[in-house]
Amino acid sequence: DTAVSQTPKYLVTQMGNDKSIKCEQNLGHDTMYWYKQDSKKFLKIMFSYNNKELIINETVPNRFSPKSPDKAHLNLHINSLELGDSAVYFCASSQGRRSEQFFGPGTRLTVL
Amino acid sequence: AQSVTQLDSHVSVSEGTPVLLRCNYSSSYSPSLFWYVQHPNKGLQLLLKYTSAATLVKGINGFEAEFKKSETSFHLTKPSAHMSDAAEYFCVVTSTGNQFYFGTGTSLTVIP
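What you are looking at is a predicted structure, and each value in this text was computed from that prediction instead of being measured. (Residues numbered from 1 in each chain as written. Chains lettered and ligands numbered in written order. Predicted model: local features only at pLDDT ≥ 70, side-chain atom pairs only at ≥ 80, totals over all residues. Heavy atoms only, no water.)

A. Up close: the overall build of chain B. Tallying secondary structure elements over chain B gives zero helices and twelve strands in all. Starting at the N terminus, the α and β elements of chain B follow one another as β-β-β-β-β-β-β-β-β-β-β-β. Compactness check: chain B gives a C-alpha radius of gyration of 13 Å against a globular reference of 13 Å for 112 residues, within 12% of the reference. Seen through its principal axes, chain B has C-alpha atoms that stretch 40 × 25 × 20 Å. Across the 112 residues in chain B, those meeting the buried criterion constitute 46%. Counting only carbon and sulfur atoms, one obtains 52% of the accessible surface of chain B, whose full area is about 5200 Å². Averaged over its 7 positive side-chain charges, chain B has a centre that lies 7 Å from the centre of its 7 negative ones. (Helix = DSSP H or I, 4+ residues; strand = E, 2+ residues; numbered from the N terminus. Rg over C-alpha atoms; globule rule 2.2 N^0.38 Å. Buried < 20%, exposed > 50% of the residue type's maximum accessible area, 1.4 Å probe, protein only. Areas by Shrake-Rupley, 256 points an atom, 1.4 Å probe, with all protein chains shown as cover. Lys, Arg positive; Asp, Glu negative; His and termini not counted. Charge placed at Lys NZ, Arg CZ, Asp CG, Glu CD.)

Below, the structure is given as structure tokens:
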């Protein structure tokens with residue numbers, strides 16, 4: 001009965017590869033988010049979707065592309081991975097844009 | 001514009017003593033404020049939230065926070081620290097609704 005789930009939990013890959021991270025929420029929320037947390041624990045929002053529509057698209061390299069096939073899913077695809085992409089990526093969801101967000105367990109991406 | 005400042009990057013307390021984690025915010029409109037906790041290698045969990053109701057907000061695990069508009073503060077407190085409280089704590093503000101603004105985090109150490 002996990003509320004927000006992400007797969008995989010760990011991802012180790014070589015520079016230049018393309019990888020995807022999947023996120024699913026079973027809370028019936030209409031808004032989903034992707035965050036990047038660096039080694040100093042700083043959280044930066046990357047994208048947000050509301051009812052499958054992109055509403056937040058922060059300054060992120062266009063190698064990162066979110067896809068929302070339906071309200072319950074928000075996937076993150078990363079092309080041509082670089083060393084600086086190594087971080088923990090969190091998915092979150094909320095009902096409306098001012099409500100509390102529920103976070104997934106995170107995906108630790110390591111680029112070698 | 002909205003922003004949030006966590007005044008201490010690290011706080012150490014002895015087990016059984018009070019905890020105070022400080023947060024100041026800046027918001028052009030009536031804000032919603034949140035505290036999240038992140039235990040090592042885990043996702044973020046909501047501790048408590050303020051959304052313009054009572055100014056003293058009670059959360060999980062014995063934590064409280066008081067919204068003080070005149071001081072633009074939302075400090076987090078707990079009367080007696082437990083070893084399990086050792087974690088990273090994030091203060092968050094949102095107001096116009098499009099985005100959460102995270103503080104840089106406060107790392108709480110509890111000394112036995």
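B. The interface of chain A and chain B, seen in detail. Contacts between the two partners involve 19 residues from chain A and, on the opposite side, 22 residues from chain B. Each partner contributes to the roughly 1800 Å² buried at the junction of chain A and chain B, and carbon and sulfur atoms together form 50% of this total. At the junction of chain A and chain B, the tally comes to one salt bridge. Between A:E100 and B:K49 there is a salt bridge, and its shortest N-O distance comes to 2.8 Å. Where chain A touches chain B, the interface holds four residue pairs in polar contact (both at pLDDT 80 or more). Those elements that place two or more of their residues in the side of chain A that touches chain B are β4 (31–37) and β5 (43–50) of chain A. Tallied by class, the residues present in the side of chain A that touches chain B amount to eight nonpolar, four polar and seven charged. (Contact = heavy atoms within 4.5 Å. Buried area = accessible area lost by both parts, 1.4 Å probe. Salt bridge = Lys/Arg side-chain N within 4 Å of Asp/Glu carboxyl O. Polar contact = N/O pair within 3.5 Å; in protein donor to acceptor, adjacent residues only side chain to side chain. Nonpolar A, V, L, I, M, F, W, Y, C, P; charged D, E, K, R; others polar.)

C. The state of the cysteines, seen in detail. Scanning the entire structure with this criterion turns up two disulfides over all chains. Here A:C23 connects covalently by a disulfide to A:C91, the sulfurs 1.8 Å from one another. Sign of the S-S torsion, about -75 degrees for the bond between A:C23 and A:C91, identifies this disulfide as left-handed. On the criterion of sequence distance, the pair formed by A:C23 in strand β3 (residues 19–25) and A:C91 in strand β9 (residues 87–94) is long-range, its members being 68 residues apart. Here A:C91 falls in the buried class, since its relative accessible area comes to 0%. Covalent S-S linkage joins B:C23 and B:C91, the inter-sulfur distance amounting to 2.0 Å. Looking down the S-S bond of the B:C23 and B:C91 bridge, the torsion is -70 degrees, so its handedness is left-handed. Of the two residues, B:C23 is situated in strand β4 (residues 23–26) and B:C91 in strand β10 (residues 87–94); the sequence distance between them amounts to 68 residues. Judged on exposure class, the residue B:C23 and its partner B:C91 are both buried. (Disulfide = S-S within 2.5 Å.)

D. Local environment of empty space enclosed by the protein. Residue and element names in this part refer to chain A. By the definition in use, this model includes one cavity of 30 Å³ or more. By volume, the largest cavity amounts to about 30 Å³. Considering the residues around the largest cavity, the lining is formed by D30, T31, M32, Y49, N50, N51, K52, S68, K71, H73 and L74. Secondary structure elements with two or more residues in the lining of the largest cavity: β4, β5 and β8 (73–78). Residue composition of the lining of the largest cavity, by class: three nonpolar, five polar and three charged. (1 Å grid on protein atoms, 1.4 Å probe; cavity = no way out; pocket = protein on both sides within 12 Å on 5 of 7 lines; lining within 4 Å. Points joined across faces, edges and corners; volume = space filled by probe spheres on them.)

E. Inspection of the sheet that holds strand β1 (residues 4–7) of chain A at higher detail. All names here are of chain A. Spatial strand order, β1-β3-β8-β7: four strands in an open sheet with antiparallel pairing. The open sheet has two edge strands with one neighbour each: β1 and β7 (64–70). Averaged over all neighbouring strand pairs, the angle between strand axes comes to 20 degrees, with direction disregarded. As defined by bridge partners, β3 adjoins β8 across four bridges and the pair is classed as antiparallel. Counted as the bridge partner of E24 is H73 from β8. (Pairing = 2+ DSSP bridges. Axes fitted to C-alpha atoms, helices over the stretch in contact; angles between N-to-C directions.)

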